[in-house]
Amino acid sequence: MLLSTIYKMLDYLEQWNRLERYYKKVLDLELNEQNLSSDECLEEMYLFFENCFKLRDWVRNSEYVGKKAKTEITELFENDKNLSVCAGLANRRKHLRIDSRKRYGDSSVVSHSVTVMVPVLRIGSSRPQTSSITKAKYNWGLKSGGEKFELIRLAKLCMEEIKTFMSDHNLLSQATK
């Protein structure tokens, strides 16, 4: 009985923990230590935004979250510029066609830049040495409502906003690491 009660209390935290894991992946993408392709990196970014938006539904549908927090998380995604863009991006990924763009707008990636870091050959010793392997660092631009956003920065701002919301509503007190 106690175990089932604890599990039910943690229902929305399952999605919170998933969001945190994807956020860590976003932070890793900044350095691209795994040397992922542009498509792989962008897919990880999309998954972060989708999971961020899904958290709204998990909180709204949890029987362990108060009415005020349920209402306010909906308002947060509608009124906060960054979370609204997040919702628009998640919706765009979910639906082939979006009939109504009134609520969250139409967010789409419009630019992409790549910085390639190549090995440096050091000459002068008995054996030439290279400094490191070749890596690529990516950056994506997003356009929503006529405004431009940098994708990794947007993810950081969204996570900051949602974490503040969760803390302010005491929804992280049961979080597990």
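Just so it is clear, the structure is predicted and the values come from calculations on it, not from any experiment.

*Asks:* Is there a simple way to think about the packing of helix α3 (residues 38-61) against helix α6 (residues 151-168) in this case?
*Replies:* To describe two helices that pack against each other, one gives the angle between their axes and the distance between the axes. Where α3 contacts α6, the axes come no closer than 11 Å and their chain directions differ by 20 degrees. Comparing their axes, α6 and α3 come out roughly parallel. Regarding α3 and α6, the two cross each other, and that crossing is left-handed. Two secondary-structure elements touch here, α3 through Leu-42, Met-45, Phe-48, Phe-49, Cys-52, Leu-55 and Val-59 and α6 through Leu-151, Ile-152, Leu-154, Ala-155, Cys-158, Met-159, Ile-162 and Met-166. For the contact of α3 with α6, a count of residues per class yields 15 nonpolar, no polar and no charged.

*Asks:* What exactly am I supposed to notice about the packing of aromatic side chains here?
*Replies:* Any aromatic ring pair is given by two values, namely how distant the centres are and how the planes are angled relative to each other. Per the counting criterion, the structure on display carries three aromatic pairs. Pairing Phe-48 with Phe-49 gives two aromatic rings, centres 5.2 Å apart and planes at 75 degrees, and the pair type is edge-to-face. Comparing Phe-48 with Phe-49, the two get one shared label, buried. Through pairs of rings, three or more aromatic residues link up here, namely Tyr-23, Phe-48 and Phe-49.

*Asks:* Teacher, can you tell me more about the pattern of salt bridges here?
*Replies:* Pairing of side chains with opposite charge becomes possible as their charged atoms draw close. Per the counting criterion, the structure on display carries seven salt bridges. Between Glu-14 and Arg-18 there is a salt bridge, with its nearest N and O atoms 3.1 Å apart. Here the residue Glu-14 and the residue Arg-18 both occupy positions in helix α2 (residues 11-31), the gap between them amounting to four residues, near one helical turn. A salt bridge links Lys-81 to Glu-147; the shortest N-O distance between them is 3.4 Å. Of this pair, Lys-81 sits in helix α5 (residues 81-94) while Glu-147 sits in strand β5 (residues 147-150), placing them 66 residues apart in sequence. Overall, Glu-147 belongs to the partly exposed group, its relative accessible area being 35%.

Conventions and cut-offs
Residues numbered from 1 in each chain as written. Predicted model: local features only at pLDDT ≥ 70, side-chain atom pairs only at ≥ 80, totals over all residues. Heavy atoms only, no water. Axes fitted to C-alpha atoms, helices over the stretch in contact; angles between N-to-C directions. Helix = DSSP H or I, 4+ residues; strand = E, 2+ residues; numbered from the N terminus. Parallel < 35°, antiparallel > 145°, perpendicular 65-115°, else oblique. Left-handed = near helix turned anticlockwise from the far one by under 90°. Contact = heavy atoms within 4.5 Å. Nonpolar A, V, L, I, M, F, W, Y, C, P; charged D, E, K, R; others polar. Phe/Tyr/Trp six-rings, centres within 6.5 Å; stacked < 30°, edge-to-face > 60°. Buried < 20%, exposed > 50% of the residue type's maximum accessible area, 1.4 Å probe, protein only. Salt bridge = Lys/Arg side-chain N within 4 Å of Asp/Glu carboxyl O.

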